[in-house]
Amino acid sequence: MDVRVRFAPSPTGYLHVGGLRTALYNYLFAKKHGGKCILRIEDTDRTRFVENATENLIENLRWAGIEFDESLEKEGEFGPYIQSERFDLYTKYGKELLEKDLAYYAFDTSEELEAMRERLKQEGGSFKYDRNKMRNSITLGKEEAEKLIAAGEDYVIRMKVPEEGEVRFKDIIRGEVKVPCKDVDDQILLKSDGFPTYHLANVVDDHFMQISHVIRGEEWLPSTPKHVLLYQFFGWDTPDFAHLPLLLNEKKAKLSKRHGDVAVEDFRAKGYLRDAFVNFIALLGWNPTGDREIYSMQELIDLFDLSKVNKAGAVFDLKKLAWMNQQYLKELPTSEAVPVLKAELEKHEVTGLEDNYIAQVFELFKERVTFISEIPEMTSYLYTEPTEFDEKYMAKRWKEDTADMVKPLIEKLSQLEEFTHDSTHDLTKAHCEEADVKMGQLMHPLRLMLTGISSGAGMFDTMALIGKDRCIKRFETFLAKKESGEI
RNA sequence: GGUCCUAUCGACUAACGGUUAGGUCACCAGCCUUUCACGCUGGCAGUGGGGGUUCGAAUCCCCCUAGGAUCACCA
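Okay, so let's go over this structure.

Definitions and limits used
Residues numbered from 1 in each chain as written. Chains lettered and ligands numbered in written order. Predicted model: local features only at pLDDT ≥ 70, side-chain atom pairs only at ≥ 80, totals over all residues. Heavy atoms only, no water. Helix = DSSP H or I, 4+ residues; strand = E, 2+ residues; numbered from the N terminus. Buried < 20%, exposed > 50% of the residue type's maximum accessible area, 1.4 Å probe, protein only. Contact = heavy atoms within 4.5 Å. Areas by Shrake-Rupley, 256 points an atom, 1.4 Å probe, with all protein chains shown as cover. Lys, Arg positive; Asp, Glu negative; His and termini not counted. Charge placed at Lys NZ, Arg CZ, Asp CG, Glu CD. Pairing = 2+ DSSP bridges. Axes fitted to C-alpha atoms, helices over the stretch in contact; angles between N-to-C directions. Near = heavy atom within 4 Å. Polar contact = N/O pair within 3.5 Å; in protein donor to acceptor, adjacent residues only side chain to side chain. Patch = residues over 30% accessible without salt bridge, like charges linked within 9 Å, V, L, I, M, F, W, Y side chains within 5 Å. Salt bridge = Lys/Arg side-chain N within 4 Å of Asp/Glu carboxyl O. Disulfide = S-S within 2.5 Å. 1 Å grid on protein atoms, 1.4 Å probe; cavity = no way out; pocket = protein on both sides within 12 Å on 5 of 7 lines; lining within 4 Å. Points joined across faces, edges and corners; volume = space filled by probe spheres on them. Nonpolar A, V, L, I, M, F, W, Y, C, P; charged D, E, K, R; others polar.

### A closer look at the overall build of chain A
At step 1: Per the secondary structure count, chain A includes 20 helices and 11 strands.
At step 2: Counting only residues that meet the buried cut, chain A has 48% of its 487 residues in that class.
At step 3: Sequence-distant contacts in chain A: of pairs separated by 6 or more residues, those separated by 24 or more amount to 74%.
At step 4: Surface summary for chain A: the accessible area is close to 24600 Å², and the carbon and sulfur share equals 48%.
At step 5: Between the averaged position of the 67 positive side-chain charges in chain A and that of its 87 negative side-chain charges there is a distance of 4 Å.

So this is what it looks like as structure tokens:
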């Protein structure tokens, strides 16, 4: 059988990380089996139309490295790939069900349905549609129903779930699932505006697009019996199902927009690296070996195994994501980092630096940060002379005699022709041996005078980056301030 | 409340009847070191409970408990 899978999001205006994981697994599965991965937009809810939502979706998926074999932008032979343009299909198959007596008209208003649910709640038990007590073509009779429709009354079409028996289906991840028919609701198939609900549209489209495997989130598991029944009603083959474990927040509830970031673009904006993010998402619910964390997209494809995906939900841990990002940041080619860092520096009004200089800054700081965006702030002393000096650091490292100890070294440094990491290092080392002081005794005061803070890259690298003239000037300024008692 | 799903360190996971239950994040300690990081080494920490099946159970079955999802003219 040809593998054909689809990612079928509704255009809500953003791509949820759970959606990205679903799209990714569909993609990995298709690639692994040499099949096709399809993108279908499910926009049957007219009330939720969002401008540019589809473009946003596609753009974010593309960023993640997920390319579809068939989509709105790349039509295959099973289009259209957006449900609002497949309207007639759903009408046709809704009608077919009506003719087969596997569906019926219902005229209940939302108030009447509300009242029914309230009543059912009082009685205890389920809240499913009470077919025999409501206003529909079963209680009213076909003729009366047609009269109402002719008179212009609003109606929906509901599926007629058998009263006896049970629905069974195989889930690749969970095994066999069974649900008694009496617990399956008479789902609305066609709404009063004539548009289909997800359930009808999804089944019809999956059938005609020849989808072989339905890979989606676990939230769809409870409605899958309805879908299976629909396949049976139509006499169509049922695809294989795989319901992915939910992505959870710290409280172990479904990750939702209410708490923190869930949109892929939020993570992008924060500066997460594409490969790191995708790697992390891929490992939520599955790990190919258990003794490795870093995998390329190609490795994920080669190793992907749907049947080994976890059943239990996975908590989305930002700390591990941060670690993952750092791992990728360390390996990021400097040429790719430079434009990003340059833009970040511009946000801090640092401009006019040579690419080569920015590259050196990145090299020195990539192992000290999670995001490139953190670099400008922690390297501000490279661009402007420090005016504040960490008091704790000063108290700890600047003693009575420090000025006198440091002056001879500064004098020697100022004589240096070549001011590089090696030359300053060699000179300082020789000086320390000669003067019989430990390197640390001088390194800290130098750092204090030059940067004002206690952390940063190696001192000799830092000096080389600041340059001889600026270094000497900062030493002198600091010493003068010390002498005048300003600091 | 009905239905369905789920249950290995705090978190992500490996072990698909036989391992001293492994790896990673986080945390702690040490090493490295001119600081901060990185890195390295070590440590803490887990099969929810009870019954079965079996020579042997994290793994298979049942019950309990706990969590979650779902029950819209949303997807």
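### Here we look at the sheet that holds strand 4 (residues 156-159)
At step 1: Taking strand neighbours across the sheet as the criterion, the three strands line up as 3-4-7 in an open arrangement whose pairing is antiparallel. Every interior strand has two partners, whereas the edge strands, strand 3 (103-106) and strand 7 (188-190), have only one. Strand after strand, the sheet turns through a mean of 45° between neighbouring axes, direction not considered.
At step 2: Where strand 4 lies against strand 7, two bridges are found, and the strand directions are antiparallel. Bridged to I157 within strand 7 is L190.

### Some details on the protein's contact with RNA strand B
At step 1: Close contacts around RNA strand B come from 66 residues, with R48, G285, E367, R368 and S454 the closest.
At step 2: When the atoms of RNA strand B within 4 Å of the protein are sorted by group, sugar and phosphate make up 72%.
At step 3: Here a sugar or linking oxygen of RNA strand B and a side-chain polar atom of E42 are 3.2 Å apart.
At step 4: Residue assignment for the surface near RNA strand B shows that the elements contributing at least two residues are helix 4 (110-123), strand 6 (175-180), strand 11 (314-315), helix 11 (318-331), helix 18 (439-451) and helix 19 (459-466).
At step 5: The element contributing the most residues to the surface near RNA strand B is helix 11, with six residues.

### Re a negative patch on the surface
At step 1: Residues E417, E418, D422 and D426 make up a contiguous surface patch of negative charge.
At step 2: Structurally, E417 can be placed in the loop between helix 16 (402-415) and helix 17 (421-435).
At step 3: Using a relative accessible area of 81% as the deciding quantity, one classes E417 as exposed.

### Describing the state of the cysteines
Each disulfide is one covalent bond, formed between the sulfur atoms of two cysteines.
At step 1: Tallying each qualifying case throughout the model produces zero disulfides.
At step 2: In this structure C471 is not part of a disulfide, and its nearest cysteine sulfur, from C432, lies 16 Å away.

### Some thoughts on the environment of V262
At step 1: Looking at where V262 falls in the secondary structure, it is placed in the loop between strand 10 (247-248) and helix 8 (264-269).
At step 2: With 248 residues separating them along the chain, V262 and Y14 place their C-alpha atoms 9.1 Å apart.

### Quick word on the layout of surface pockets
At step 1: The calculated volume of the largest pocket comes to roughly 1300 Å³.
At step 2: What lines the largest pocket is a set of 50 residues, and nearest its centre among them are A8, P9, S10, T12 and W220.
At step 3: Elements supplying a minimum of two residues to the lining of the largest pocket: strand 1 (4-7), helix 1 (17-32), helix 2 (53-63), helix 6 (198-208) and strand 8 (213-217).
At step 4: Residues belonging to the lining of the largest pocket are distributed by class as follows: 20 nonpolar, 16 polar and 14 charged.
At step 5: Looking at the second largest pocket, it is lined by 20 residues, and the ones nearest its centre are G271, Y272, L273, R274 and V340.
At step 6: Where the lining of the second largest pocket is concerned, the elements lending two or more residues are helix 8, helix 9 (274-282), helix 11 and helix 12 (334-347).
At step 7: For the lining of the second largest pocket, the element with the most residues is helix 12, which contributes four residues.

### Thoughts on the environment of W286
At step 1: Summarising the element assignment, W286 is placed in the loop between helix 9 and helix 10 (297-303).
At step 2: On the accessibility criterion, W286 (4% relative accessible area) is buried.
At step 3: Separated by 75 residues in the primary sequence, W286 and I211 place their C-alpha atoms 23 Å from one another.
At step 4: Discounting residues that sit within four places of it in the chain, W286 has contacts with Y25, L300, L303, F304, D305, K308 and V309.

### Topic: the pattern of salt bridges
At step 1: If you walk through the whole model with that rule in mind, you get 33 salt bridges.
At step 2: Salt-bridge contacts for E42 lead to R40; the nearest nitrogen and oxygen are separated by 2.7 Å. No difference in accessibility class separates E42 from R40, as the two residues are buried.
At step 3: In this structure, E73 engages R62 in a salt bridge whose closest nitrogen and oxygen atoms are separated by 2.7 Å. Taken as a pair, E73 in the loop between helix 2 and helix 3 (87-99) and R62 in helix 2 lie far apart in primary sequence, 11 residues in all.
At step 4: Judged by relative accessible area, which is 52%, E73 ranks as exposed.

### Remarks on unusual backbone geometry
At step 1: Of note, the amide linkage connecting G79 to P80 takes the cis form, showing an omega dihedral of -5°.
At step 2: Along the polypeptide, P80 turns up in the loop between helix 2 and helix 3.
At step 3: Here K252, not a glycine, exhibits a phi torsion of approximately 70°, which is positive.

By themselves, these figures tell us nothing about what the structure is for.
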